[in-house]
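Observations on the model geometry
Below are the chains, spelled out letter by letter.
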Amino acid sequence: MDYHAKPIPGKLSVELTKPTATARDLALAYSPGVAEPVIEIARDAENAYRYTGKGNLVAVITDGSAILGLGNLGPLASKPVMEGKGVLFKCFAGINSVDIEVDAESPQAFIDTVARIADTWGGINLEDIKAPECFEIEKALIERCSIPVFHDDQHGTAIVTAAGMLNALDIAGKKIEDVKIVCMGAGAAAIACMRLLVSCGASKENLVMLDRRGVIHTDREGINEYKAEFARDTEMRTLDDAIDNADVFIGLS
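Since the structure is predicted, the reported quantities are computational estimates derived from the model, not experimental observations.

The next thing to look at is the pairing of strand β5 (residues 181–184). Two strands pair when backbone bridges link them, and β5 and strand β6 (residues 207–211) are joined in this way by 4 bridges, in the parallel orientation. Paired with Cys-183 across the bridge in β6 is Met-209. Traced from β5 through helix α9 (residues 188–199) to β6, the parallel crossover comes out right-handed. Across 4 bridges, β5 lies against strand β8 (residues 248–251) in parallel orientation. What sits directly across from Cys-183, in β8, is Ile-250.

Here Ile-129 shows up in the loop between β3 (123–126) and α7 (133–144). Considered as a pair, Ile-129 and Asp-170 are 41 residues apart in the sequence and their alpha carbons are 33 Å apart.

Right, let's get into the environment of Asp-128. Of note, Asp-128 is situated in the loop between β3 and α7. Spatially, the C-alpha atoms of Asp-128 and Gly-71 are 8.9 Å apart, while their sequence positions differ by 57 residues. Excluding residues within four positions of it along the chain, Asp-128 makes contact with Thr-62, Asp-63, Gly-64, Ser-65, Ala-66, Ile-67, Leu-68, Val-81, Met-82, His-151 and Asp-153. Reaching out from Asp-128, the side chain makes a polar contact with the backbone nitrogen of Leu-68 at a distance of 3.3 Å.

Going through the model one piece at a time under the given rule, you end up with 16 salt bridges. With its nearest N and O atoms 3.8 Å apart, the salt bridge here joins Glu-133 to Lys-130. Lys-130 gets classed as partly exposed once you look at its relative accessible area, which sits at 34%. As a salt-bridge pair, Arg-195 and Glu-229 come within 2.9 Å of each other at their nearest N and O atoms. A residue pair is termed long-range when its members are at least 10 positions apart, and Arg-195 in helix α9 and Glu-229 in the loop between α10 (225–228) and α11 (239–243) qualify at 34 residues. A relative accessible area of 34% places Arg-195 in the partly exposed class. Among the residues examined, Glu-229 registers a relative accessible area of 28% and is labelled partly exposed. Connected through salt bridges with shared partners, the residues Lys-79, Asp-99 and Glu-101 form a single ionic network.

With that settled, consider helix α5 (residues 79–93). In this model α5 runs 21 Å from its N-terminal to its C-terminal C-alpha over 15 residues, within 8% of the 21 Å that 1.5 Å per residue would give. Along α5, the residues that are buried comprise Val-81, Met-82, Glu-83, Gly-84, Lys-85, Gly-86 and Phe-89. Tucked into the core, α5 has its buried residues touching β1 (57–62), β2 (96–101), β3 and α8 (152–172). Of the residues flanking the end of α5, it is Gly-94, one or two places downstream, whose phi is positive at about 70 degrees.

Turning our attention to the sheet that holds β8. In spatial order, the strands read β7-β6-β5-β8; together these 4 strands make up an open sheet with mixed pairing. On the outer flanks of this sheet lie β7 (214–215) and β8, each paired with one strand and no other. α9 rests against β5, β6 and β8 of the sheet, and its axis sits at about 175 degrees to β6.

What counts and what doesn't
- Residues numbered from 1 in each chain as written.
- Predicted model: local features only at pLDDT ≥ 70, side-chain atom pairs only at ≥ 80, totals over all residues.
- Heavy atoms only, no water.
- Pairing = 2+ DSSP bridges.
- Helix = DSSP H or I, 4+ residues; strand = E, 2+ residues; numbered from the N terminus.
- Right-handed = clockwise from strand over helix to strand, strands pointing away.
- Contact = heavy atoms within 4.5 Å.
- Polar contact = N/O pair within 3.5 Å; in protein donor to acceptor, adjacent residues only side chain to side chain.
- Salt bridge = Lys/Arg side-chain N within 4 Å of Asp/Glu carboxyl O.
- Buried < 20%, exposed > 50% of the residue type's maximum accessible area, 1.4 Å probe, protein only.
- Expected span 1.5 Å × (residues − 1).
- Axes fitted to C-alpha atoms, helices over the stretch in contact; angles between N-to-C directions.

In structure tokens form, the structure reads like this:
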């Protein structure tokens, strides 16, 4: 707690990139000198990448509906996590970011809010949004926004998981198309990870996914379209059933 609170609350700050020592500097930074890049950007939107920080600025955006493993604790409670993602962007990639916590009454309200302010940044990192809403939100924002939109819980997790698994299989001397995979969890990360592993060569027939109710199988009622993608025609019902003779266990619950 001291790390987050002292000596200054939070983990991020804003820095200046231009001199501000003289009246002329300030006149260039703001009025009247700033009018010139305004005119250029109005003439050609691509000039925003030349005259502003847009190209090196990412928005880390959430509704706080799936914070880490803590669940739906609301937008404000997610702020330490969003700041933490900003730390990673800055520390490891030199990318500036701003965290935005949206108190939205519905997925559509979240989509509309983000889409209306999207031009501010060079990219959007969606974070800690619960499934299945996250799939709808990401798809809609990709279609509506002119900048890259990336849901970290889905694709960030999937990329790292696939890389780790391919290396592990190489060490174990096994082929991805042959191994039996058990995935514990059926949310945003799990769906994305399994989709990427299938694209890497894993067989859906060798893949068993479980949620809090057990194995996702074709006879189950009430599963959403995303879970249904990985429903197996099987007699397996429990983790004990699924894990028997498995080669890979992936924990995403």
